[in-house]
Amino acid sequence: QVQLVESGGGLVQPGGSLRLSCAASGNIVSIYDMAWYRQAPGKERELVARITSGGSTNSASSVKGRFTISRDNAKNTVYLQMNSLKPEDTAVYYCNAFIATMIGQRFYWGQGTQVTVSS
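Procedures and definitions
Residues numbered from 1 in each chain as written. Predicted model: local features only at pLDDT ≥ 70, side-chain atom pairs only at ≥ 80, totals over all residues. Heavy atoms only, no water. Patch = residues over 30% accessible without salt bridge, like charges linked within 9 Å, V, L, I, M, F, W, Y side chains within 5 Å. Areas by Shrake-Rupley, 256 points an atom, 1.4 Å probe, with all protein chains shown as cover. Salt bridge = Lys/Arg side-chain N within 4 Å of Asp/Glu carboxyl O. Helix = DSSP H or I, 4+ residues; strand = E, 2+ residues; numbered from the N terminus. Buried < 20%, exposed > 50% of the residue type's maximum accessible area, 1.4 Å probe, protein only. Pairing = 2+ DSSP bridges. Axes fitted to C-alpha atoms, helices over the stretch in contact; angles between N-to-C directions. Disulfide = S-S within 2.5 Å.

### Here's the deal with a nonpolar patch on the surface
Taken together, the side chains of Val29, Met102 and Ile103 make up a nonpolar region of the molecular surface, amounting to roughly 420 Å² of accessible area. Its place among the elements puts methionine 102 in the loop between β9 (91-101) and β10 (104-109). What makes methionine 102 exposed here is its relative accessible area of 76%.

### Considerations on the sheet that holds strand β7 (residues 67-72)
Here we have four strands laid out as an open sheet, ordered β1-β3-β8-β7, and antiparallel in their pairing. Taken across any chain shown, the strands that pair with only one partner, and hence form the sheet edges, are β1 (3-7) and β7. Averaged over all pairs of adjacent strands, the angle between their axes in this sheet comes to 15 degrees, without regard to strand direction. Bridge count for strand β3 (residues 18-25) against strand β8 (residues 77-82) is six bridges, and the pairing is antiparallel. Along β8, the bridge assignment pairs serine 21 with tyrosine 79.

### Side note on the state of the cysteines
What the rule picks out here adds up to one disulfide. Shown here is the disulfide that connects cysteine 22 with cysteine 95, its sulfur atoms set 2.1 Å apart. With the S-S dihedral at roughly -85 degrees, the linkage between cysteine 22 and cysteine 95 falls on the left-handed side. Of this pair, cysteine 22 sits in strand β3 while cysteine 95 is found in strand β9, placing the two residues 73 residues apart along the sequence. There is no split in this pair, since cysteine 22 and cysteine 95 are both buried.

Shape descriptors only; they carry no functional weight alone.
In structure tokens:
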């Protein structure tokens with residue numbers, strides 16, 4: 001049984017920063033790609049950034065230069081450092097990971113954490 005637990009969301013003013021964390025736990029054999037998605041009201045869920053087990057990253061054009069994804073494999077944790085936040089970054093942010101256990105492998109989702117950027 002695998003769980004992804006997110007933390008770090010909240011209310012921040014435009015131009016501010018937040019750091020999101022997502023820790024995976026359970027009977028994990030291997031974690032492959034980890035990613036952050038977000039979903040704003042009335043919009044589809046979109047990929048924000050992704051990181052492979054080896055540390056290669058890609059991110060959405062809308063967040064390049066402002067957001068940085070990283071991971072600590074020893075802690076089974078992925079982070080999203082968000083700087084220069086804009087109101088349009090307001091969304092529920094979800095952690096996602098492709099994880100292998102003894103009974104198979106699949107994508108797992110975190111519960112989501114609200115990020116609100118407002119004056």
